[in-house]
Amino acid sequence: MKNSKAALLGSLSLAALILAGPVGAQEVRILSGDGSIDITGTLLSAEGGQLVLSTPIGEITVDQSLVTCQGEACPVVRQADVDFTLSGPADVSEMLVPVLFDGFAARQEGHAEVLDEAGAAVAEADIAGTIRPGSVVPIQVHDETGAVTARVGIREVADGEGFGLLAAGEVELAFSKVAATPADLRNVRDAGGGDLTSFEQEDLVALDGLTIIAHPDNPVPSLTMAELSGILAGEIVNWAEVGGPDAPIGIYAHADASEDVAALLLDPVEKALSAAAKVVASAEELTAAVSADPHGIAVTGFHLRRNARAIPIRDECGAIIAASPFTIKNGEYPLVRQVTAYRHGAASDVANEFAGFLDSPALDGLVAKSGFIDLSIVPEGEAYAAGRIEALRTTPVEPAAQERLAALVPELEQVERLSTTFRFPPKSSVLDNRARRDLIRLVRHVGKTKPSKLYVVGFADRGGSFKVNQRLAQERATQVAAEIAAAATGGELDGVAVEVQAYSELLPVACNETFEGRSINRRVEIWVK
C-alpha cells in the first residue's frame, strides 16, 4: 500500500492527466488506506476507475484503487446480487481469487466464472479489465450439473482498505498484503466482527516475492536494501556507486507492481519512485526491456524474471540472500509480502465454507497456478546446503560454542533442511497462526514422504549468553516437536524417528546487528534424513 504522501504523489505523476466524462463539480476528499494521505479537491471526472480532481497543487488523476473517496460526488460502488462480498488489492482480486474459486468449485466437479455487467461469462484474458475499483463484480460457482451453488462479489480496493469494509459490514472476507493495525483490530472487534488475530479469522494463504532484475551481463554481485531504494528513488544514478561499471542506471517500472515496490522499498524510507523511471505496460515488457538494456534495472515478481539476471540482496553483515522458492518460503529473503485472508466473525455460511476451503490441501496448488508463491514444503537444495557448511567452517565462534559446533557440522552433512521454519518473539515460545498451519502442512508432508528421521532443531539470536540461548533454543524446539506429535493424529509419524536438537546462536541466517535479523535468527528448523 502506498502509505506515504511522497509515494502517492509519485504515483500521481505517472497517471495520465486526461479528463474522462464530466461530472457535477463537487468537493471530495481522498485518503490513502491508512489515512496518512488526505487531499481535498473538486471532482471533475470519475470513469474507468480513475478520479480526476482539481486541487490546490494542480489537476491530478489517481487510480481509485489506491485511495478511499469521501463526499457526495464520489462514485457509487456498483453492487451485485451475491451471497457475500470479499475484497482484495488489484493483483489478488484479478489473479488469485478467480483461481481459488475454480478450485472451490472443482470439489463438486464444477467450475467458476467471472461475470460482466451484462451477466455474461468473462474470458480469462479479460478478467483484469472486468474486476476494477468502483464495482462489485460477481463470480459464479457451478456444480457438475451446471447449477449455480454460490454467487460471490469481488471488490477491488487499495491494500489495507478491506479492514474498514469488514468493520462496516460491507465485506465478509478481506484479502490483504498488509497486516491489520491495532486500530483496524479494534474497529472490527467493536463492530461485532470478532478477533482478526484468531486462528479462525486470520489465514495466510500465499506469498508474493519480488526480485531485482538486470541485464544478464550486469556484473554487480549484490545490492543492499538501502542501495536498491536509493536507485529506485533516483538518488543513486550510476552503477559505479554500487560497485558496477561507470554507466548511468536505467530504471524500469510496471504499474501492477508499484504498490509492492512502494510498500517494501520506498514507503519505509519515505521515498518515491524516480520521475526518470521508464514505465512499461506489462510485466512481460518490463523483463524484456531490462534484458535488452545493459544498464537497466527493475523490481518484478519472482516468477516473472525470465531471461534477466536476478541480483541477490546483501544484508548489513555482508551475507548474500538470493531469491528462491526456498528462501522466500523460509522467511530469509526480505522482498516478500504475505497475502492473508481475514474473515468476519459473523460471516455467512457460504463465506465460512469458502474460508474453510483455504485450509484444504488443494490450496497450495491453486496459489502456484495463479502466479503467487504457495506455502508448500520444499527442500533446501545443494548450493544452499553447501553454503551453510562453508559458513560454519570459516566463521569464528566463542569457546563456549565449540562443543555444539563440533556436533553441528557432521550433522549438516547428513541431513536435508525443509523450508518449514518456525519463528518466535523475543524470549517467547508462542506459535502464531502461520506456524500452526505450517504444522499441519508439515505433518501431511511427513506422512507422504516418510523420512527415516525428523529433526526439530532450535536456534537463537545473539541477545544473551550462549548458555541461555541454548536453553531457549532447546525449549522452543521441544515445544514444536510436541506440537508436531499432537497434530499427527493419522499415523503420519509412524516409522519416523523424531529427534530434538538445539544449537544456540550458531548458524545465523541473518544479521544479528539488527532487530529484523535477530527476529529471523530466533527459529526452529526442520531437517530430514
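For the structure, check the block above.
Residues numbered from 1 in each chain as written. Predicted model: local features only at pLDDT ≥ 70, side-chain atom pairs only at ≥ 80, totals over all residues. Heavy atoms only, no water.

Draft legend 1. Molecular detail of the overall build of the protein. Regarding its fold elements, the protein presents 16 helices and 22 strands. A compact globule built from 529 residues would reach a C-alpha radius of gyration of about 24 Å, and the protein, at 24 Å, matches this within 12%. A principal-axis box enclosing the C-alpha atoms of the protein has dimensions of 75 × 60 × 40 Å. Counting the 529 residues in the protein, one finds 54% classified as buried. Within the protein, contacts between residues separated by at least 24 positions form 72% of all contacts whose residues are at least 6 apart in sequence. On the protein, roughly 22,200 Å² of surface is accessible, and the fraction owed to carbon and sulfur atoms is 52%. (Helix = DSSP H or I, 4+ residues; strand = E, 2+ residues; numbered from the N terminus. Rg over C-alpha atoms; globule rule 2.2 N^0.38 Å. Buried < 20%, exposed > 50% of the residue type's maximum accessible area, 1.4 Å probe, protein only. Contact = heavy atoms within 4.5 Å. Areas by Shrake-Rupley, 256 points an atom, 1.4 Å probe, with all protein chains shown as cover.)

Draft legend 2. Just the side chain of Ser222, in detail. Considering the arrangement of structural elements, one finds Ser222 in the loop between strand 11 (202–214) and helix 6 (225–232). Judged by relative accessible area, Ser222 falls into the buried class, the value being 4%. A polar side-chain atom of Ser222 sits 2.8 Å from a polar atom in the side chain of Arg314. Once you skip the residues sitting within four places of it in the chain, Ser222 turns out to touch Glu227, Ile311, Pro312, Arg314 and Ile320. (Polar contact = N/O pair within 3.5 Å; in protein donor to acceptor, adjacent residues only side chain to side chain.)

Draft legend 3. Structural detail: the sheet that holds strand 21 (residues 497–502). Read from one edge of the open sheet, 4 strands run 19-22-20-21, paired in mixed fashion. A strand with exactly one partner marks an edge of an open sheet, and here the two such strands are strand 19 (416–423) and strand 21. Adjacent strand axes in the sheet meet at a mean angle of 20 degrees, parallel and antiparallel pairs treated alike. Alignment of strand 20 (residues 453–459) against strand 21, held across 6 bridges, turns out to be parallel. If you follow Gly458 over to strand 21, its bridge partner there is Ala502. Most of the contacts of helix 13 (residues 402–412) go to strand 21, to which it runs at about 140 degrees, and overall it touches strand 20, strand 21 and strand 22 (523–528). (Pairing = 2+ DSSP bridges. Axes fitted to C-alpha atoms, helices over the stretch in contact; angles between N-to-C directions.)

Draft legend 4. Examining the pattern of salt bridges more closely. Under the definition given, this model contains 26 salt bridges. One salt bridge connects Arg132 with Glu117, and the closest N-O pair in it is separated by 3.1 Å. Residue Arg132 is found in the loop between helix 3 (127–130) and strand 8 (136–142), and its partner Glu117 is found in the loop between strand 7 (111–114) and helix 3; the two are separated by 15 residues along the sequence. A salt bridge links Lys329 to Asp374; its shortest N-O distance comes to 3.1 Å. Here Lys329, found in helix 9 (residues 325–329), pairs with Asp374, found in the loop between helix 11 (363–370) and helix 12 (382–394); they are 45 residues apart in sequence, far enough to count as distant. Among the charged side chains, a salt-bridge network with shared partners connects Asp91, Asp159, Lys177, Asp208, Asp260 and Arg337. (Salt bridge = Lys/Arg side-chain N within 4 Å of Asp/Glu carboxyl O.)

Draft legend 5. Molecular detail of the environment of Phe466. Relative to the helices and strands, Phe466 resides in helix 15 (residues 466–487). We classify Phe466 as buried; its relative accessible area is 7%. A C-alpha to C-alpha distance of 6.8 Å links Phe466 and Glu505, two positions 39 residues apart in sequence. Phe466 has contacts with Glu398, Ala400, Ala401, Arg404, Ser504, Glu505 and Leu506, leaving out every residue within four places of it along the chain.

Draft legend 6. How the structure looks around the state of the cysteines. Under the defined criterion, the tally for this structure stands at 1 disulfide. In this model, Cys317 is linked to Cys511 through a disulfide, with the two sulfur atoms separated by 1.9 Å. Around the S-S axis, the bridge from Cys317 to Cys511 shows a dihedral of about 45 degrees and counts as right-handed. Placement of the pair is Cys317 in the loop between strand 16 (313–314) and strand 17 (320–321) and Cys511 in the loop between strand 21 and helix 16 (515–521), with a sequence separation of 194 residues. Looking at Cys317, the relative accessible area reads 48%, which means it is partly exposed. The buried category is assigned to Cys511, whose relative accessible area is 3%. (Disulfide = S-S within 2.5 Å.)

Note that every value here comes from positions in space, so none of it alone points to a role or purpose.
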